Amino acid sequence: MKGVVRMGVLLVILLLIPWSGLVAAPLPPRLAVNHETRQCGEFFAGDECMDCFPPAGWEVLGVTSAVSCPEGYTDIGRIDHQCQPLKASFCCSEGHSGAAGDCEDLVINRRAKQCAFVNDIETCRLPTGWTRRPQDVEARNWVCPASYQWIEALACESEAGQEGPTPTPDQGTGPVNLPCPGAAVIGLMVAVGRWWKR
């Protein structure tokens, strides 16, 4: 009898756990039509970290359960789709549910235990302490650690590439590097002094 009661209590506890928050929640499938071929079909719409779209030439009518194929159109079942990951903190955090997000512009400050997005990682010179995804880390593994805090936005120090070389004067981005006139005079005086001693 005690075993039955324990099983009943365990079952109630399992039913109270919000399992939907632990697993990716896909969006309901969408129905699309192609007016040129007079066809309709459904496609996967994505989830909380990915938006999906039908091929070019197809118009989305809505959620499959709420709309139907227009009269005279042939239902061809499933159609191809293209997906685009979302650039969102949730989708670039460790342990999130859903597909991998667009985390290319994610930067991490390990010392401050912070994460942020920049507008464009390719043109951003990061402030001290912030790092971009190392080349030996796969994009799907570049996520913000669970214990870190997200900050709203991170300003780049400049729009020069972080990894790129400093522009040279002949690129027209700065003054020509000439020696300091004082250093040149002192150097000349030292050379003349040595010559005079001889």
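In the block above lies the structure referred to throughout.
Residues numbered from 1 in each chain as written. Predicted model: local features only at pLDDT ≥ 70, side-chain atom pairs only at ≥ 80, totals over all residues. Heavy atoms only, no water.

This paragraph deals with the overall build of the protein chain. Helices and strands together make up the secondary structure of the protein chain, namely two helices and 10 strands. Relative to its full complement of 198 residues, the protein chain shows a buried share of 23%. Restricting the contact set of the protein chain to residue pairs at least 6 apart, pairs at least 24 apart contribute 63%. Total accessible area on the protein chain stands at roughly 14,100 Å², and carbon and sulfur atoms take up 58% of it. (Helix = DSSP H or I, 4+ residues; strand = E, 2+ residues; numbered from the N terminus. Buried < 20%, exposed > 50% of the residue type's maximum accessible area, 1.4 Å probe, protein only. Contact = heavy atoms within 4.5 Å. Areas by Shrake-Rupley, 256 points an atom, 1.4 Å probe, with all protein chains shown as cover.)

A separate point is the nonpolar core. If you look at the biggest cluster of nonpolar residues, it comprises nine residues: Cys92, Cys103, Leu106, Ile108, Cys115, Phe117, Trp142, Cys144 and Tyr148. Broken down by secondary-structure element, the contributors of at least two residues to this core are strand E8 (106-109) and strand E9 (114-117). Contacts of Cys92, omitting those with residues within four sequence positions, involve Gly101, Asp102, Cys103, Leu106, Phe117, Val143, Cys144 and Trp150. Counting residues in each nonpolar core, the second largest holds eight residues, with Ala116, Cys124, Trp130 and Leu154 among its members. (Core = buried A, V, L, I, M, F, W, Y, C linked by side-chain atoms within 4.5 Å.)

This part covers the pairing of strand E4 (residues 50-53). For a regular strand, side chains alternate in direction, first toward one face of the sheet and then toward the other. Residues Met50 and Cys52 point to one face of E4 and are all buried, whereas Asp51 and Phe53, pointing to the other face, are not buried. Linking strand E3 (residues 46-47) to E4, which pair antiparallel, is a turn of two residues. Direction of pairing for E4 relative to strand E7 (residues 82-85): antiparallel, over a ladder of four bridges. Within E7, the residue paired with Cys52 across the bridge is Cys83. (Pairing = 2+ DSSP bridges.)

One open sheet accounts for four strands, arranged E5-E1-E2-E6; its pairing is mixed. This sheet does not close on itself; its edge strands, each paired only once, are strand E5 (59-63) and strand E6 (74-78). Taken over all neighbouring pairs, the strand axes of this sheet differ in orientation by 25° on average, direction set aside. Here four bridges tie strand E1 (residues 30-34) to E5, and the two strands are oriented antiparallel to one another. Within E5, the residue paired with Ala32 across the bridge is Val60. (Axes fitted to C-alpha atoms, helices over the stretch in contact; angles between N-to-C directions.)

What follows concerns the layout of surface pockets. Taken as a whole, the largest pocket holds about 170 Å³ of empty space. Phe117, Val118, Glu152, Ala153 and Leu154 are the residues nearest the centre of the largest pocket, which is lined by 14 residues in total. (1 Å grid on protein atoms, 1.4 Å probe; cavity = no way out; pocket = protein on both sides within 12 Å on 5 of 7 lines; lining within 4 Å. Points joined across faces, edges and corners; volume = space filled by probe spheres on them.)

Once that is clear, we can look at the pattern of salt bridges. With the rule as written, the count across this model stands at five salt bridges. Notably, a salt bridge pairs Arg133 with Glu104, separated by 3.4 Å at the nearest N-O pair. With Arg133 in the loop between E9 and strand E10 (149-150) and Glu104 in the loop between E7 and E8, this pair connects stretches of sequence that are 29 residues apart. Its salt-bridge partner being Arg132, residue Glu122 comes within 3.1 Å of it at the nearest N-O pair. (Salt bridge = Lys/Arg side-chain N within 4 Å of Asp/Glu carboxyl O.)

The next thing to look at is the state of the cysteines. Per the counting criterion, the structure on display carries six disulfides. Shown here is the disulfide that connects Cys49 with Cys91, its sulfur atoms set 2.2 Å apart. Handedness of the Cys49-Cys91 disulfide follows from its S-S torsion of about -95°: it is left-handed. You can see Cys49 sitting in the loop between E3 and E4 and its partner Cys91 sitting in the loop between E7 and E8, a full 42 residues away along the chain. (Disulfide = S-S within 2.5 Å.)

A separate point is the pairing of strand E2 (residues 39-43). The pairing of E1 with E2 spans five bridges and is antiparallel. Residue pairing across strands places Arg30 opposite Phe43, the latter belonging to E2. Counted along the chain from E1 to the antiparallel partner E2, the turn is four residues long, and its residue Arg38 has a positive phi close to 55°. As judged from the three bridges shared by E2 and E6, these two strands associate in the parallel manner. Across the sheet, residue Gln39 finds its bridge partner in E6, namely Thr74.

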